[in-house]
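Chain residues, written in single-letter form:
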Amino acid sequence: LYQIFGDRLFKTTNYYSSMTYLTAIDMPTIDADPIQWDDKITASFATSYTTIAIATGSENYTLDPSTDTLAIITDTDLPPARSVVYLDGYYVWVATDGETVHWSEVNDPTAYGALSFFDAESRPDKNVEAVVLGNDLFILGEKSIERFRPTGVSTAPFTRVTNSIISIGYVSGLVQKGDSITFIGKSVNSSYEVYELSLSSLRILSNGVVSEILNNS
């Protein structure tokens, strides 16, 4: 298990009984003072059978778990990314500026095409996170969530699922458990709530007390 604390990468073994410092890693800074609960400054990991990809918002990395070697991805067709997932042989990255979503060559997190990107563009909002539930790709935006599905076509490996857009914006606190996620979200002209999203449903988890805390903090 690999974890990032501050700007340092660690490896933990034996059920957290041992932690080894590996190397420094480039993480962005937040200028806000104090930092608010909805400031997003987290690293993202995506694991295939052989390689781990890491998005920090500043640099994009590969990590070889057989040697614990960390390397910067130098392909200029991949911009700095804030989120990364692995699906159907592709590493999928959400650009830090929120404008584009990029996919790698098959099973190669270091290689990218100049036109290998798309945008979750049903709503004019920024992309924030990528999540895989089942065999579907969900792009969480500031004001909406869009669902995509693998096509098996290398030139356009993902297609939007018809009538699947959800008008809830992602804010913070993403936690995944199996084929569902929980997160803090907000719909337009509504309050902050804790949501649970699965392959078949979206529901509010926060009760009145939690909702009051979220909306008056």
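1. A word on the sheet that holds strand 14 (residues 145–150)
The strand order across the open sheet formed by four strands is 12-13-14-15, and the pairing between neighbours is antiparallel. The open sheet terminates on both sides in strands that have one partner only, identified here as strand 12 (127–133) and strand 15 (158–160). Across the sheet, the mean angle from the axis of one strand to that of its neighbour is 30 degrees, orientation sign disregarded. Note that strand 12 and strand 13 (residues 136–141) share six bridges and pair antiparallel. By the bridge assignment, E129 is partnered in strand 13 with L140.

2. A closer look at the packing of aromatic side chains
On inspection of all chains with the given rule, the structure shows 10 aromatic pairs. With centroids separated by 5.7 Å and ring planes inclined at 70 degrees, the aromatic side chains of F5 and F10 adopt a geometry described as edge-to-face. Given the relative accessible area of 42%, F5 is considered partly exposed. With centroids separated by 5.8 Å and ring planes inclined at 70 degrees, the aromatic side chains of Y90 and F158 adopt a geometry described as edge-to-face. In this pair, Y90 sits in strand 9 (residues 90–95) while F158 sits in strand 15, placing the two residues 68 residues apart along the sequence. A network of ring pairs unites the aromatic residues Y90, W103, F118, F148 and F158 as a single cluster. In this arrangement the basic side chain of R8 is found over the ring face of Y21, its NZ or CZ atom lying 5.3 Å from the centre.

Rules behind the numbers
- Residues numbered from 1 in each chain as written.
- Predicted model: local features only at pLDDT ≥ 70, side-chain atom pairs only at ≥ 80, totals over all residues.
- Heavy atoms only, no water.
- Pairing = 2+ DSSP bridges.
- Helix = DSSP H or I, 4+ residues; strand = E, 2+ residues; numbered from the N terminus.
- Axes fitted to C-alpha atoms, helices over the stretch in contact; angles between N-to-C directions.
- Phe/Tyr/Trp six-rings, centres within 6.5 Å; stacked < 30°, edge-to-face > 60°.
- Buried < 20%, exposed > 50% of the residue type's maximum accessible area, 1.4 Å probe, protein only.
- Lys NZ or Arg CZ within 6 Å of the ring centre and 35° of its normal.

Any link to function would need more than the numbers given here.
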